[in-house]
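Tertiary structure, described
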Amino acid sequence: MELLYYVRLARRNWLLILLALILAVPAALAVTANTPPKYTATISMMVYSEDREGSLSTAYQAGMLSQQRVQSYARLLTSRRMIGRIAEGGDVRRLQENITAESIPATVLIRATVADTDPARAARLANALGTGFPKLVSEIERPISPGRPVVRVTMVDPADVPTEPVSPRPLVNLALALVAALFLSVGSIILRDRLDTTVKTHEVLRLASKSSILGTIGYERNARRQPLIVRDRGRSSRAEAFRSLRTNLQFIGVDRQPRSLVITSCLPGEGKSSIAANLSITLAQAGWRVILVDGDLRRPRIPQYLGIEGATGLTDVLIGKAPLRDVVQTWGEPGLSVLPSGQVPPNPSELLASQAMRTLLGQLMESHDMVIIDAPPLLPVTDAAALAAICDGALLVARYGRTRREHLVRAVELLSSINARLVGAVLNFVPVRRSNYHGYGYGYGYGYEPGADTEVKTPVGV
């Protein structure tokens, strides 16, 4: 499952990966163009021993004696004492950095390589090294007693002037740049995903909310201008999503189906008001006697969505300024009942937690099959918690890519602390491809007609 998750993550961010690979090509070309060509010249030298008369010692003696010193000679090749003898212009340090020497395993051979931007100079320095190093060894390896073998070094293969540079290598640079770009882009995507605590999957929402996922509402560009599902004669993908949400609500607690439902979210801007309005419309289309209550007494949005007058409403009923029948309005063909919020009061939390609100809620539940209350967000204020405590259940709305897991955990803990019942969660503003992926199947044009919604709600508790 982890591999499949990373594959899907890469597929969702394929554009970023492609952009990184495209940028890697000019970067590799720029590095190649600005790197001066470098040539290498190589010589080989052999270490051996000879006796006092100048004849070679036995192979065994020569091999044992030479192999004991060959590694030390390889390091001596790059010493300042040796490089100072062949350095042109006295730049010993730079030449040291461009000379490498190594002993060939299981042999008495030493290989020295000189790198330079001038091929002729590389060959000249390498041959100078092959000529000068035996002299240095002869100075160092002087016999201390007659008859002891003397260690000698001689150049076996002189250096030729190189014709092809060893660097830069365009194809290698391009391959390295593409691999680096691939790893960097994929790594940044994985790191960003690990550091991102926003909700983007059903699994994350289910674990954070500790409840079932009742619906997925897809994102549509024109939903901001036309947030209600009655547009396009109810054929939009959002309309089908709310029908699915309505169906799922009917299967919540067969023996304890909620008749009053608070729609809330963690923070503002997560779409809880539009979900409350559209869910009410969908229930009314199926024959439910629904009343939508705008319980957001701080930033009421229901009148704006439905295009109704909201100057008088819930606050007037709670303070006894107006009777309920005078402020309830009927909206649309389904005959949806709407109770606006009324004037914004200075003490919304106290009004929503009052006994008058409990009494009003009881009256609404007696005359309707479902009471849906659009409540403020849970975390900034306590209004939604006060309403959830007196209602049958709460529906928590999370916004794709915006609601954070820690906010959901705090919201659920708040509801649990007041013994409120969380009936489920809804993931809102989901990109259409992801909403289809999760299996809700809307967005395929089922061709619903107004009135073709034949699902009829069975009255509860009647």
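So, here's what we can say about the structure. Throughout this description, residue numbers start from 1 for each chain and increase along the sequence as written. Local features in a predicted model are, by the rule used here, given only for residues with pLDDT of at least 70; side-chain atom pairs are given and counted only at 80 or more, and totals for whole chains, interfaces and linings are based on all residues. Note: side-chain values were computed over all heavy atoms of the structure, leaving out hydrogens and water.

Axis geometry follows a simple rule: fit a line to the C-alpha atoms, using only the stretch in contact for helices, then measure angles between N-to-C directions, giving values from 0 to 180 degrees. Put simply, DSSP H or I for four residues or longer makes a helix, DSSP E for two residues or longer makes a strand, and each gets a number counted from the N terminus. Two numbers describe how helix 2 (residues 14-34) lies on helix 7 (residues 170-195): the axes approach to 8 Å, and their chain directions differ by 145 degrees. The two elements helix 2 and helix 7 cross, and the hand of that crossing is right-handed. In contact with Leu16, Ile17, Ala20, Leu21, Ala24, Val25, Ala28 and Thr32 of helix 2, helix 7 contributes Pro170, Asn173, Leu174, Ala177, Leu178, Ala181, Leu182, Ser185, Val186, Ser188 and Ile189. Tallied by class, the residues present in the contact of helix 2 with helix 7 amount to 15 nonpolar, 4 polar and no charged. Handedness of a crossing follows from how the near helix is turned relative to the far one, being left-handed for an anticlockwise turn of less than a right angle and right-handed for a clockwise one. Residues are treated as being in contact if the distance between any of their heavy atoms lies within 4.5 Å. In the scheme used here, Gly and all other residues not listed as nonpolar or charged are polar, with Ala, Val, Leu, Ile, Met, Phe, Trp, Tyr, Cys and Pro taken as nonpolar and Asp, Glu, Lys and Arg as charged.

Moving on: helix 8 (residues 202-209). Three or more residues of helix 8 are buried, namely His202, Leu205, Ala208 and Ser209. Seen end-on, helix 8 carries its buried residues on one side only, within an arc spanning 140 degrees. If you follow the buried residues of helix 8, they end up packed against strand 5 (213-218), strand 11 (393-399), helix 17 (405-417) and strand 12 (422-430). Positioned one or two residues after helix 8, lysine 210 has a phi angle of 55 degrees, which is positive. Summary of the burial criterion: residues with accessible area below 20% of their type's maximum are buried, those above 50% are exposed, and those between are partly exposed, where the area comes from a 1.4 Å probe applied to protein chains only. The reported arc concerns the directions from the helix axis to the C-beta atoms and nothing else.

This part is about the side chain of asparagine 278. Looking at the element boundaries, asparagine 278 is found in helix 10 (residues 272-285). Polar contacts, as used here, are pairs of N or O atoms within 3.5 Å; protein pairs need one atom able to donate a hydrogen and one able to accept it. Residues neighboring in sequence count only if both atoms are side-chain atoms. Only 2.8 Å separates the side chain of asparagine 278 from the backbone nitrogen of isoleucine 229, close enough to count as a polar contact. Excluding anything up to four places from it in sequence, asparagine 278 contacts Pro227, Leu228, Ile229, Arg238 and Phe242.

A few words now on the pairing of strand 7 (residues 290-294). Across the 5 residues of strand 7, 5 count as buried, placing the element largely inside the fold. Side chains Val290, Leu292 and Asp294 project from strand 7 onto one buried face, and the interleaved Ile291 and Val293 project onto a second face that is buried too. Here the rule is simple: two strands pair whenever DSSP picks up at least two bridges between them. In terms of strand pairing, strand 7 meets strand 10 (residues 370-374) through 5 bridges, oriented parallel. Note on strand 10: the bridge partner recorded for aspartate 294 is aspartate 374. Sheet analysis places strand 7 next to strand 9 (residues 336-339), joined by 3 bridges and oriented parallel. Within strand 9, the position partnered with valine 293 by the bridge is leucine 339.

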